[in-house]
There are 2 protein chains.
Amino acid sequence: MKIGVIGGGQLGRMLALAGTPLGLEFAFLDPAPDACAQALGKHILADYNDQTALRQLANEVDVVTFEFESVPADTVAFLAQFVPVYPNAEALRIARDRWFEKSMFRELGIPTPEFADIQSQADLDDAVARIGLPAVMKTRTLGYDGKGQKVLRAPDDVAGAFAELGSVPCILEGFVPFSGEVSLIAVRARDGETRFYPLVHNTHENGILKLSVASTAHPLQAQAEAYVGKVLDQLDYVGVMAFEFFEVDGGLKANEIAPRVHNSGHWTIEGSECSQFENHLRAIAGLPLGSTATLGEAAMLNFIGEVPDASQVTAIAQCHLHHYGKAFKAGRKVGHATLRCEDMATLKARIAEVEALIKD
Amino acid sequence: MKIGVIGGGQLGRMLALAGTPLGLEFAFLDPAPDACAQALGKHILADYNDQTALRQLANEVDVVTFEFESVPADTVAFLAQFVPVYPNAEALRIARDRWFEKSMFRELGIPTPEFADIQSQADLDDAVARIGLPAVMKTRTLGYDGKGQKVLRAPDDVAGAFAELGSVPCILEGFVPFSGEVSLIAVRARDGETRFYPLVHNTHENGILKLSVASTAHPLQAQAEAYVGKVLDQLDYVGVMAFEFFEVDGGLKANEIAPRVHNSGHWTIEGSECSQFENHLRAIAGLPLGSTATLGEAAMLNFIGEVPDASQVTAIAQCHLHHYGKAFKAGRKVGHATLRCEDMATLKARIAEVEALIKD
């Protein structure tokens, strides 16, 4: 079976590393000549809306999936004429637009921060009057890693903010005094079977994920699973989904979903019986899902801008290096390290060892 | 860093799967157009003695290693002019010739079955008179998986046996009433640091490895490590070596070495902190060695001739499929399954589940 992936970055690369031992082959459609997944499959060098290239991809593969959620709707619709596409077009339509996403959460009874649709500066002024400050304004589509958003703390920040974010449809979200950020990685099979990894505590810096620590026996695990399960069933979802929450007053408020394998699930490569990458492939290929059981305490640290010297990373006990083979560039995710330890005290010590290698 | 591999079969494929996350790139020299490692690196399609192709490989890579020990000596010598080659030429010279190999064991005080060099039928007749029957006659070079050998049980088997094996240099080995076959996978770094995985119990069928079960706290572990350590130091070895022993009367007798990653070490992919593939690459790339500690009880079952349906293999709990992407053919190793369990009773039950999928 051959898997087509829209996007050929590190997520595609890790999908191929997980899928090759299953006997799967890969083709990546990516407009970047240096797309780092190309070491592991065929690279179709084309824009995401190039119908000739999409047709070629559809002809070559048995199923298509995505590395990122901002893939154009037309691309999905076009491909779906010829080949199964997972996750489906509806899941992508919802996930790529923060208004649709939050509205779905509300309809399903999943708590969220307060939010409002912003189509103009007047909408923004009204919403601020209702929700109050501080608040976060985000473009409805295309934002990630802290891009396409602005924190509004004072009335001065509000004036002209709609134009500042490009006069595009936005969403205003009330500030949430959260005590932590967690994500739940889930996988749903074609037949509806759903499995969940343990909740992950995430730490961001400048809007980019820096550290993920898998929790064991988190008191909100069952609550998170109930919320995520509702979304998966609502969307008739197939594949891995990441669901990000804020921890607020001992409960959860939904932040956003990513309809794909997710950075906060990279620890599953070594930390779980079956990784998020293998489980995504099992789901879309129609294979039985793998166990999401953990193998000890696990964490993941991102390497942003550059990967420390491999000899230093590999010298740390219980540390697994994941170098994406990408050119180093400030702010770019170029690798990560996974740690898997017998207890939390050891894990914390190892995290400190890896952090000591990361330049500020 | 780019690694050149002579041979592009499943061992090269698994080396690349382990090395890509370290940021390593791969080039494989293999005369087979369908060499299965080519999905994971550059494929130089050429014979092993094609000097133009070897020069091209040497120019492209930083270090060269091997997938099999019968690589021609001239190939190694030619490459070594231009690029570091690990393991070194001397290790390959010894490992590819059963006479040199057994003689080295004897010089180092490592027990072996009785053996004799056979250059003619007369040599064979003399050796049989000395060693007795039953005995095993093997070609000195190029034998593997039960090929190039003949069991001599009665005088009738001896007559004409030298011609039967091609009138090439052979070795006669006295029959050893062994109670088990075990192998020790070891890795030695450029600086001489050496690490060992636990002894593995191996079961063969028709001369082909069928099942490997990693042992924990094997009473002969220290003895095996002492023997293997002597050989590694003697050869100034760099990389992974597999050393096969017979268990005889509560002790070990050396059978043979393989100067490469080995089928009986495939369980280390999921069963160890750092697999034999990653440790081989760490050694030849000059990186620190990884931990050989195990993660529970582990075993490996070979898929010979065909891989069972992926949906059946992946339905078995704690089972990890490794499909080599090779055409199915009777007697050919085309995949394996790894099992990693919390205790031996569960492991045995899982082994039975996998065995039930393998057609006789």
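Look a little higher up for the structure.
About the cut-offs
Residues numbered from 1 in each chain as written. Chains lettered and ligands numbered in written order. Predicted model: local features only at pLDDT ≥ 70, side-chain atom pairs only at ≥ 80, totals over all residues. Heavy atoms only, no water. Least-squares fit on C-alpha atoms with pLDDT ≥ 70 in both. Contact = heavy atoms within 4.5 Å. Buried area = accessible area lost by both parts, 1.4 Å probe. Salt bridge = Lys/Arg side-chain N within 4 Å of Asp/Glu carboxyl O. Helix = DSSP H or I, 4+ residues; strand = E, 2+ residues; numbered from the N terminus. Buried < 20%, exposed > 50% of the residue type's maximum accessible area, 1.4 Å probe, protein only. Axes fitted to C-alpha atoms, helices over the stretch in contact; angles between N-to-C directions. Parallel < 35°, antiparallel > 145°, perpendicular 65-115°, else oblique. Left-handed = near helix turned anticlockwise from the far one by under 90°. Nonpolar A, V, L, I, M, F, W, Y, C, P; charged D, E, K, R; others polar.

Aligned on chain A, chain B shows an RMSD of 0.0 Å; the corresponding rotation is 180° and the shift along the axis is 0.0 Å. In the structure described here, the two chain copies are related by an operation that fits a two-fold rotation axis. Closest approach to the rotation axis within chain B is made by the C-alpha atom of Leu40 of chain B, at a distance of 2.5 Å. Mapped onto chain A, 100% of the interface residues of chain B again fall at the interface, so both copies present the same surface.

Moving on to the interface of chain B and chain A. Across the contact, 26 residues belong to chain B and 26 residues belong to chain A. In total, about 2300 Å² of surface goes out of reach between chain B and chain A, with carbon and sulfur atoms giving 57% of it. Summed over the three residues of chain B that lose the most area to chain A, namely Pro21, Glu273 and Thr314 of chain B, the buried surface amounts to 23% of that side. Counting across the interface, chain B meets chain A through 2 salt bridges.

Residue and element names in this part refer to chain B. Tracing the backbone shows Ala330 in the loop between β16 (319–323) and β17 (333–341). Given the relative accessible area of 75%, Ala330 is considered exposed. In this structure, the C-alpha to C-alpha distance between Ala330 and Glu270, residues 60 residues apart in sequence, is 27 Å.

Moving on, we get to the packing of helix α2 (residues 51–60) of chain B against helix α3 (residues 73–80) of chain B. All names here are of chain B. It is at 10 Å that the axes of α2 and α3 come closest, and there the two elements cross at 45°. As summarised for this structure, α2 and α3 are arranged oblique, according to the angle between their axes. Pair α2 / α3 crosses with right-handed handedness. On α3, the residues touching Gln51, Leu54, Arg55, Leu57 and Ala58 of α2 are Thr75, Phe78 and Leu79. For the contact of α2 with α3, the residue count by class is 5 nonpolar, 2 polar and 1 charged.

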